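Understanding the architecture of this molecule
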Amino acid sequence: MAATTPDPIAAAQVAEHAAAPAPAPASAPDGKAGRIEAHGVDFVPDSERRGRPRDLFSVWAAANVNYLSLVVGGALVLMGLSLVQALAVIVVGNLFWLLTGLLAVSGPASGTPSEVITRAMYGVIGNRINNAVTGWPISVCYFALNLGAAATAAFSLADRAGIPTGGPVKALIVVLIAVLTLAISVYGHALIMKLYLPITLALTAVFAVVAVAVVRHTDFSYRPAETLTGTDLWAALLAGVTLIASGPLSYTTSADFSRYLPRTASRRAVAGWTALGAFLPSVVVCSLGAFAATTLDMSDPQAALEGVLPSWFTPLFLLALVLGTIAINALTAYSAGLALQAVGLRIRRTVSVLFDGVAAVALTLYALLVSDFLDAVSNVLQLTVALLGPAAAVYATDIVLRRCRYDGHALTDETPASPFWYRHGVNTAGAVALLSGTAAAALGVDTLYTGPLASALGGVDVSLPVGMAVAAPLYALLMRREARTAT
């Protein structure tokens, strides 16, 4: 019994330092941004580890000084919340970046990306299914949505330049933005670490001007025409928190960007700089969106903001919207490429990233030129919190159970001899916890449909807290039982 189902908690600690280092690939990167990253879902040996935890700050800041945060902040006021309530929701929802920071500590511990670390939770075969369902498709859809948003800003720039934005021009713009994004993702980790500090500084400078214009037009005494009370208020508050939290929860892949740090890197520093880098700009930019909504029509945020910005500055603002989206999508495409490899396809990371880009461009072009497909995708993605919340809870619980001790060599072993093969390649504890958490969350959804639990609560969407509250303790219980059975 023990030979085929080893202790799943102790297995991550066995031979953590005793295993011989895996040989580096012939084209192993040396940390130079001008070289294409050689590593994909394989183990990064200690000899190639580099950097400091604080370098993660600019990576996450660049991805969160963006147009989407403005839109989300404005949406909270449009939902009927007062300015004070909207600001409170923004802070609470963004606290989920602490969870993203916690997940990031598993990167230096294992030397592998999140898409591989989750083999500890779901088993080798189970994790392939996990990446095929929660990893790659969701990432590509987010890529397409963000690409569509960037393209819209770029279309406005083209109009200002007197370029007719017919179908062929729109297609060319979408492809050009995708090419710039994929170039960063293909070159990989070193280029991301190099570029994202100047990107953060540039975006901060632009949004500082936006902030001055927005604050000048803010009604700090704003109250909605109809004050929400009782169940309606709770429904709006929880829906707002879920909307904000969907950002951090979509980055359960934070170990992808921390795995090159030395094994000895402070876990507290890794978690702290990751969370802080995302939390601060997200709170500030979301708050600007809420401020703007007190006097501007944020149902069309781009047009509304252009109306209060100096005319000379508007092109810079539009360029910043494109740049911010490229920063987000480069991270998304990078992780999506790793997810595609983790599904089991024996292709290079560069090829998988390009495949992701082709799929996202196809979705975006279909949406912009043929139908409103992205609207449908956007609605569907509102439901992803019901899946991503439990997935993040299981991941975090596993880190706590193992005390963040992961054997990177064992994690990259996909044979039945792997300590993470479990039974028939599937860890029942992880599968049951994830499915149960998702099922519980689905009962509390109130977006495209109203689940029975949400209906009983008068339309209050409790999918996020319920899904995580079921998944985490259930996983802990089942993993401890698995450990006792294996021994």
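Residues numbered from 1 in each chain as written. Predicted model: local features only at pLDDT ≥ 70, side-chain atom pairs only at ≥ 80, totals over all residues. Heavy atoms only, no water.

A few words now on the overall build of the protein. Check the secondary structure of the protein and you find 21 helices and zero strands. A burial count over the protein gives 57% of its 487 residues as buried. Surface exposure of the protein reaches about 19100 Å², of which carbon and sulfur atoms provide 67%. (Helix = DSSP H or I, 4+ residues; strand = E, 2+ residues; numbered from the N terminus. Buried < 20%, exposed > 50% of the residue type's maximum accessible area, 1.4 Å probe, protein only. Areas by Shrake-Rupley, 256 points an atom, 1.4 Å probe, with all protein chains shown as cover.)

What follows is about the packing of helix H8 (residues 124-160) against helix H14 (residues 314-342). Two numbers describe how H8 lies on H14: the axes approach to 8 Å, and their chain directions differ by 160°. With respect to their mutual orientation, H8 and H14 come out roughly antiparallel. Seen from above, H8 lies across H14 with left-handed handedness. (Axes fitted to C-alpha atoms, helices over the stretch in contact; angles between N-to-C directions. Parallel < 35°, antiparallel > 145°, perpendicular 65-115°, else oblique. Left-handed = near helix turned anticlockwise from the far one by under 90°.)

With the rule as written, the count across this model stands at 10 salt bridges. Residue Glu 37 is joined to Arg 259 by a salt bridge in which the shortest nitrogen-to-oxygen separation is 2.9 Å. Taken together, the residues Glu 37 in the segment before helix H1 (56-62) and Arg 259 in the loop between helix H11 (230-249) and helix H12 (267-293) connect sequence positions 222 residues apart. With respect to class, Glu 37 is no different from Arg 259; both count as buried. (Salt bridge = Lys/Arg side-chain N within 4 Å of Asp/Glu carboxyl O.)

Now for the nonpolar core. In this structure, Leu 81, Met 121, Tyr 196 and Leu 249 are the most contacted members of the largest nonpolar core, which totals 139 residues. Other than its neighbours up to four places away in sequence, Leu 81 contacts Leu 76, Ala 86, Val 89, Tyr 222, Pro 224, Leu 228, Leu 233, Ala 236 and Leu 237. (Core = buried A, V, L, I, M, F, W, Y, C linked by side-chain atoms within 4.5 Å. Contact = heavy atoms within 4.5 Å.)

As a further point, take unusual backbone geometry. Note: most peptide bonds trans; most residues except glycine with negative phi. With phi around 55°, Arg 403 is a residue other than glycine that occupies positive phi space. Within the fold, Arg 403 resides in the loop between helix H17 (385-402) and helix H18 (408-411). You can call Arg 403 exposed: its relative accessible area is 58%. The phi torsion at Tyr 422 lies on the positive side, around 55°, for a residue other than glycine. Among the secondary structure elements, Tyr 422 is positioned in the loop between H18 and helix H19 (428-443). Take Tyr 422: its relative accessible area is 3%, and that puts it in the buried class.

On the secondary structure map, Thr 332 appears in helix H14. What makes Thr 332 buried here is its relative accessible area of 10%. Excluding anything up to four places from it in sequence, Thr 332 contacts Ser 139, Phe 143 and Tyr 251.

Moving on to the packing of aromatic side chains. Centre-to-centre distance and the angle between the planes together describe a pair of aromatic rings. The tally for this structure, following the rule as stated, stands at 10 aromatic pairs. Feature note: the residues Trp 60, Trp 97, Tyr 251, Phe 257 and Tyr 334 constitute an aromatic cluster, connected by ring pairs. (Phe/Tyr/Trp six-rings, centres within 6.5 Å; stacked < 30°, edge-to-face > 60°.)

Let us look at helix H2 (residues 67-78). The terminal C-alpha atoms of H2 lie 17 Å apart, and with 12 residues this matches the ideal 16 Å at 1.5 Å per residue to within 8%. Taken residue by residue, H2 has Tyr 67, Ser 69, Leu 70, Val 72, Gly 73, Gly 74, Leu 76 and Val 77 as its buried positions. Where H2 is buried, its residues touch helix H3 (83-94), helix H10 (189-216), H11, H12, helix H13 (301-308) and H14. Put simply, Asn 66 is the residue that caps the front of H2, since its side-chain oxygen is 3.2 Å from the backbone nitrogen of Leu 68. Positive backbone phi, at 105°, marks Gly 80, one or two positions downstream of H2. (Expected span 1.5 Å × (residues − 1). Polar contact = N/O pair within 3.5 Å; in protein donor to acceptor, adjacent residues only side chain to side chain.)

Considering the arrangement of structural elements, one finds Ile 117 in helix H6 (residues 114-117). Looking at Ile 117, the relative accessible area reads 0%, which means it is buried. In this structure Ile 117 touches Ser 106, Gly 107, Ser 110, Thr 112, Ala 255, Tyr 395, Tyr 406 and Leu 411, once residues within four positions along its chain are discounted.

What follows concerns a nonpolar patch on the surface. Taken together, Val 91, Val 92, Leu 95 and Leu 98 make up a surface patch of nonpolar side chains, about 330 Å² in accessible area. Take Leu 98: it is sitting in helix H4 (residues 97-104). (Patch = residues over 30% accessible without salt bridge, like charges linked within 9 Å, V, L, I, M, F, W, Y side chains within 5 Å.)

Topologically, Asn 146 is positioned in helix H8. With a relative accessible area of 12%, Asn 146 lands in the buried category. The residues touching Asn 146, leaving out its near neighbours within four places in the chain, are Leu 68, Thr 325, Ile 328 and Asn 329.

Our focus in this paragraph is the confidence of the model for the protein. Taken as a whole, the protein shows an average pLDDT of 88; of its residues, 90% reach a score of 70 or greater. Per-element mean pLDDT across the protein ranges from 56 in helix H16 (residues 373-381) up to 98 in H4. Here residues 1-30 scores under 50 on pLDDT; set against residues more than four positions off or in separate chains, the count is 56 contacts. (pLDDT = per-residue confidence, 0-100.)

Moving on, we come to the packing of helix H9 (residues 167-187) against H14. Between two packed helices, both the angle of their axes relative to each other and the distance between the axes serve to describe the pair. It is the contact of H9 with H14, at a shortest axis distance of 8 Å, that shows an interaxial angle of 50°. One finds that H9 runs oblique with respect to H14. The two elements H9 and H14 meet at a crossing, and its hand is right-handed. Residues Ile 177, Leu 180, Thr 181, Leu 182, Ile 184 and Ser 185 of H9 form the contact with H14, whose participating residues are Val 322, Ile 326, Asn 329, Ala 330, Ala 333 and Tyr 334.

One can find Leu 99 in helix H4. In this structure the C-alpha to C-alpha distance between Leu 99 and Ala 392, which are 293 residues apart in sequence, comes to 7.8 Å.

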